[in-house]
Number of protein chains: 2
Amino acid sequence: MIPEAIQRFISAFSRLPSMGPRQAGRLAFFLTSLDKATREELERALHVLGTMDRCGECFFVKQQDAAACSICSDRTRTEAVLAIVEKETDLLTFEKMGAFRGKYLVLGKLAERGILEPAQKLRLEHLKQTIRKRDALLEELIIALNPNSIGDFTADFIAREFKDLAKKITRLGRGIPTGGEIEFADDATLAHAFERRS
Amino acid sequence: MIPEAIQRFISAFSRLPSMGPRQAGRLAFFLTSLDKATREELERALHVLGTMDRCGECFFVKQQDAAACSICSDRTRTEAVLAIVEKETDLLTFEKMGAFRGKYLVLGKLAERGILEPAQKLRLEHLKQTIRKRDALLEELIIALNPNSIGDFTADFIAREFKDLAKKITRLGRGIPTGGEIEFADDATLAHAFERRS
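Residues numbered from 1 in each chain as written. Chains lettered and ligands numbered in written order. Predicted model: local features only at pLDDT ≥ 70, side-chain atom pairs only at ≥ 80, totals over all residues. Heavy atoms only, no water.

Student: Talk me through the overall build of chain A; I want residue IDs and the actual numbers.
Tutor: Each helix and strand in chain A was counted, giving 7 helices and 6 strands. Along chain A, helices and strands appear, N-terminal first, in the series α-α-α-β-β-β-α-β-α-β-α-β-α. Computed over C-alpha atoms, the radius of gyration of chain A comes to 21 Å, more than 25% over the 16 Å expected from 2.2 N^0.38 for 198 residues, which places it beyond the range of a compact globule. For chain A, the C-alpha atoms occupy an extent of roughly 60 × 50 × 30 Å along the three principal directions. Within the span of chain A, comprising 198 residues, buried residues form 42% of the whole. (Helix = DSSP H or I, 4+ residues; strand = E, 2+ residues; numbered from the N terminus. Rg over C-alpha atoms; globule rule 2.2 N^0.38 Å. Buried < 20%, exposed > 50% of the residue type's maximum accessible area, 1.4 Å probe, protein only.)

Student: Describe the relation of the copies chain A and chain B, with residues and values.
Tutor: Mapping chain A onto chain B is achieved by rotating through 180 degrees and translating by 0.0 Å along the same axis, at an RMSD of 0.1 Å. Taken together, the rotation angle and the small translation identify this as a two-fold axis. The C-alpha atom lying nearest the rotation axis in chain A is that of Glu43(A); the distance is 3.2 Å. Here 100% of the interface residues in chain A have copies in chain B that are interface residues too; the copies meet face to matching face. (Least-squares fit on C-alpha atoms with pLDDT ≥ 70 in both. Contact = heavy atoms within 4.5 Å.)

Student: If you had to explain the state of the cysteines to someone new, which residues and values would you point to?
Tutor: Counted by the stated rule, this structure contains 0 disulfides over all chains. As a non-bridged cysteine, Cys55(B) has Cys72(B) as the owner of its nearest cysteine sulfur, 3.8 Å distant. (Disulfide = S-S within 2.5 Å.)

Student: Account for the pairing of strand E5 (residues 140–144) of chain A, naming residues and giving values.
Tutor: Residues and elements named next belong to chain A. Among the 5 residues that make up E5, 5 are buried, leaving the element largely enclosed by the rest of the structure. Both faces of E5 are covered, namely the face carrying Glu-140, Ile-142 and Ala-144 and the face carrying Leu-141 and Ile-143. Here E5 runs beside strand E6 (residues 169–171); their pairing, made up of 3 bridges, is parallel. Across the sheet, the residue bridging to Ile-143 is Arg-171, located in E6. Between E5 and its parallel partner E6, the chain crosses via helix H6 (residues 149–161), and the hand of that crossover is right-handed. (Pairing = 2+ DSSP bridges. Right-handed = clockwise from strand over helix to strand, strands pointing away.)

Student: I'd like to hear about the interface of chain A and chain B, residue by residue, with values.
Tutor: A common way to express how large an interface is: the accessible area buried when the components associate. On the side of chain B, 50 residues touch chain A, which itself brings 49 residues to the contact. In this assembly, chain A packs against chain B so that about 4500 Å² is buried in total across both faces, 72% of it on carbon and sulfur atoms. Its largest share of buried area at the contact with chain B, chain A owes to Met1(A), Phe29(A) and Leu49(A), together 15% of the area lost on that side. Between chain A and chain B we count 2 salt bridges in total. Counting every contact that joins chain A to chain B gives 6 residue pairs in polar contact (both at pLDDT 80 or more). When its residues are assigned to classes, the side of chain A that touches chain B shows 27 nonpolar, 11 polar and 11 charged. (Buried area = accessible area lost by both parts, 1.4 Å probe. Salt bridge = Lys/Arg side-chain N within 4 Å of Asp/Glu carboxyl O. Polar contact = N/O pair within 3.5 Å; in protein donor to acceptor, adjacent residues only side chain to side chain. Nonpolar A, V, L, I, M, F, W, Y, C, P; charged D, E, K, R; others polar.)

Student: I'd like to hear about the domain arrangement of chain A, residue by residue, with values.
Tutor: On domain assignment, one finds that chain A holds domain 1 (4–50) and domain 2 (77–198). Taking the mean C-alpha position of each, domain 1 of chain A and domain 2 of chain A sit 35 Å from one another. (Domains from an automatic or database assignment.)

Student: An account of the packing of aromatic side chains is needed here, citing residue identities and associated values.
Tutor: All chains considered together, the criterion is met by 10 aromatic pairs over all chains. Between the aromatic rings of Phe60(A) and Phe29(B), the centroid separation amounts to 5.8 Å while the plane-to-plane angle is 45 degrees, which identifies the pairing as tilted. On the criterion of chain membership, the pair formed by Phe60(A) in the loop between strand E1 (52–54) and strand E2 (61–63) and Phe29(B) in helix H2 (residues 21–32) is interchain, its members lying in two chains. In this structure Phe29(B) comes out as buried when scored by relative accessible area, which is 5%. With 5.1 Å between their ring centres and 65 degrees between their planes, Phe100(A) and Tyr104(A) make a pair best called edge-to-face. Summarising the burial analysis for this pair, Phe100(A) and Tyr104(A) share the class buried. Taken together through their ring pairs, the aromatic side chains of Phe94(A), Phe100(A) and Tyr104(A) make up a single cluster. Positioned above the aromatic ring of Phe162(A) is the side chain of Lys128(A), whose terminal nitrogen or guanidinium carbon lies 5.9 Å from the ring centre. (Phe/Tyr/Trp six-rings, centres within 6.5 Å; stacked < 30°, edge-to-face > 60°. Lys NZ or Arg CZ within 6 Å of the ring centre and 35° of its normal.)

Given below as structure tokens:
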């Protein structure tokens, strides 16, 4: 009943995150209604993602033919401060803020059970080796994981692992979001904000 | 800062329905983490959508090389009953139900202002011509639009336009959804259910 091309699109695209069969179906019909040029632009945009690779230092994406990603190869950034983030999009959010001029380690999406995957442990191990090869410890290691139970659990683990490799290990401040209202803060947020008053 | 291939993907895909720049960004990074074979499968699935065309009778999608869509070319379906639906996905939902063995007209997404676009008027006009060319009126025209103000407004308009072309013009029943609870029905739904009690 459903045309084969549509069916094929749905089964391929509904495996993507935050895309169920319903959304994939709607998308398929929308795409058939587009003109050829627009659809080909989407095809090409999808295709060129294949030219991306992973940076061997920070594990952010990089161009396949580049030695390292644009951040790791930026000499104006300091190696002495490093932020561990979960996702590439977290890194981009940091970059948009603009105040951070150190390096990163992208850890990769944390599993819901809070146990690091072998690939994630390897990334941390790689960072340890890199620091050990230098003459100096990190001035500061910022563990910038989400402030929830899995993020906290993982941050505790990382802090223990790196305690001899950084002079200072910090986490992001917690409290009431700027522009937020005390009245609407949940208990945990308010308790953190109260504790960290200054 | 954002690699060009990622940026290009975001700007192309964030124009799709229910896909903002944030979701497109997350999708882009997810796609770079896929193996080549999976990514190529997605590329091909997107590409073959280009082989789809629109059926000249009901305006559902059809294979480019087919004369009509699989429904219009199905001789076991009756021409005497026709359902007007808004979207292709509405048609598929009807087909999944299985009880309907007539034909369709896909009208296309209704504008929020409730005014039919020229292309939609042409589709209705095409259907009128098709019925006029036959010896007989439609036995039944089912106007299967969503039960909201724009759907109702459009259904009223269509009912007037087709009043001389169908023996019976019907709309979908309204009431409390099967499995739903009276307590949670909103006023309009309960009023409809009460009015249409039987």
